[in-house]
Amino acid sequence: MRSRFFRLLFNFSKPTRLRPSTFWATPRPSPHNPPLKSMVIPFFSALFGSSTSANAKNNMTSYPDERTPEEWRAVLSPEQFRILREKGTEAPTTGAYDKHYPSAGTYACAGCGTPLYTAQQKFSSGCGWPAYFDSIPGAVVRHEDRTLGMLRTEIVCANCGGHLGHVFKGEGFPTPTNERHCVNSVSLTFKEGQKEGEDGKGVADKPDDAGKA
Ligand SMILES: [Zn+2]
């Protein structure tokens, strides 16, 4: 059993296949098998080691827009600063875009203006915050968030790192992704506009009365 397991490991960890019967016929240390230990250990650490590199990637903290807190304070309202730059949360059902369902347009980062979500990606979740089943590709970055004694996935603007909210999976909403991007309205600015790939046809249902909650 054990040798079968190791043979499996060996075959996976070695690009060119040796004849296992020849190799495993000499179980005692010999000039043929010293490399075994050095091959298996890195393989095990790849399997069971810490995910340091993945975490480093996910917890990226530098972004193309590198404004300082002072620079952000100068352009954001105190509430925008609290939520975008200090990872705050707006009270549920109070946000300008909670019940905002235009037929076209985009929701951009309220900090740097990068388009993050389309009107078509928004859905009604009943959770009290704007909900999107997906983002514009590459616009949003995910981080592990262990605050408040739970493990959640924070989402931030990929351009400025501004805090948007959290993403939740597997809740069973009838959307293409089974994910819910739960976003603070304060982190967003709605821009009327055409649907992606169309010309000037789309008009928001209620021009301008969002944003004044
Ligand atoms: Zn941004």
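The name an unreviewed UniProt entry assigns to the chain is Peptide-methionine (R)-S-oxide reductase, from the organism Dichotomopilus funicola. Looking at the Sequence similarities (unreviewed entry) heading of the UniProt record, one finds this comment for the chain: "Belongs to the MsrB Met sulfoxide reductase family." The record held by UniProt for the chain lists under Catalytic activity (unreviewed entry) the comment "L-methionyl-[protein] + [thioredoxin]-disulfide + H2O = L-methionyl-(R)-S-oxide-[protein] + [thioredoxin]-dithiol".

**Focus on helix H6 (residues 78-85)**
Every buried residue of H6 is listed here: Gln80, Ile83 and Leu84. Here the buried residues of H6 occupy an arc of 90 degrees about the axis, which is enough to place them on one side. In this structure, the buried residues of H6 make contact with strand E7 (163-169). Residue Lys87 follows H6 closely and has a positive phi angle near 60 degrees.

**Considering the environment of Pro69**
Following the sequence through the fold, Pro69 ends up in helix H5 (residues 69-75). Residue Pro69 is classed as exposed on the basis of its C-beta count, with 10 C-beta atoms lying within 10 Å. Sequence spacing of Pro69 and Glu86 is 17 residues, and the spatial spacing of their C-alpha atoms is 9.7 Å.

**Concerning the pairing of strand E8 (residues 179-183)**
Of all five residues in E8, four are buried; the element is thus mostly enclosed. Alignment of strand E4 (residues 131-132) against E8, held across two bridges, turns out to be antiparallel. For Tyr132, the partnering residue across the bridge sits in E8 and is His181.

**A look at the nonpolar core**
Among the nonpolar cores identified, the biggest contains 26 residues, and Tyr107, Leu116, Cys157 and Leu188 are the most heavily contacted of them. Beyond its immediate sequence surroundings of up to four residues, Leu188 is in contact with Tyr97, Tyr107, Ala108, Ala110, Pro130 and Val183.

**Considerations on the sheet that holds strand E6 (residues 152-157)**
A sheet is described by the order of its strands in space; here six strands give the open sequence E3-E4-E8-E7-E6-E5, paired in antiparallel fashion. The open sheet has two edge strands with one neighbour each: strand E3 (122-123) and strand E5 (140-145). Across two bridges, the pairing between E3 and E4 is antiparallel. Across the sheet, the residue bridging to Lys122 is Tyr132, located in E4.

**A short note on the sheet that holds strand E2 (residues 115-118)**
Read from one edge to the other, the open sheet built from three strands follows the order E2-E1-E9, with strand pairing classed as antiparallel. Of all strands in the sheet, those bounded by a partner on one side alone are E2 and strand E9 (188-191). This sheet shows a mean twist of 30 degrees between the axes of neighbouring strands, independent of strand direction. Relative to E2, strand E1 (residues 106-109) runs antiparallel, the two sharing three bridges. From the neighbouring strand, Ala108 faces E2, where its bridge partner is Pro115.

**Points about the environment of Thr175**
Note on placement: Thr175 falls in the loop between E7 and E8. Counting along the chain gives 41 residues from Thr175 to Asp134, while the straight-line C-alpha distance between them is 9.3 Å. Discounting residues that sit within four places of it in the chain, Thr175 has contacts with Phe123 and Phe133.

**Remarks on the pairing of E6**
Every other side chain in a regular strand lies on the same face of the sheet, so the side chains alternate between the two faces. Strand direction decides the pairing type here: E5 and E6, joined by six bridges, are antiparallel. From the neighbouring strand, His143 faces E6, where its bridge partner is Glu154. In this structure, the hairpin formed by E5 and E6 is closed by a connection of six residues, where Leu148 is found at a positive phi of approximately 60 degrees. Relative to E7, E6 is paired through four bridges, and the arrangement is antiparallel. Note that in E7 the partner of Ile155 across the bridge is Gly165. Taking the residues that link successive antiparallel strands as the turn, the E6-E7 hairpin has five residues, and the phi of Gly161 there is positive, at about 75 degrees.

Procedures and definitions
Residues numbered from 1 in each chain as written. Predicted model: local features only at pLDDT ≥ 70, side-chain atom pairs only at ≥ 80, totals over all residues. UniProt positions renumbered as here; feature names shortened; annotations may be inferred. Buried ≥ 20, exposed ≤ 12 C-beta atoms within 10 Å, placed from the backbone. Helix = DSSP H or I, 4+ residues; strand = E, 2+ residues; numbered from the N terminus. Arc of directions from axis to C-beta. Contact = placed C-beta atoms within 7 Å. Pairing = 2+ DSSP bridges. Core = buried A, V, L, I, M, F, W, Y, C linked by C-beta atoms within 7 Å. Axes fitted to C-alpha atoms, helices over the stretch in contact; angles between N-to-C directions.

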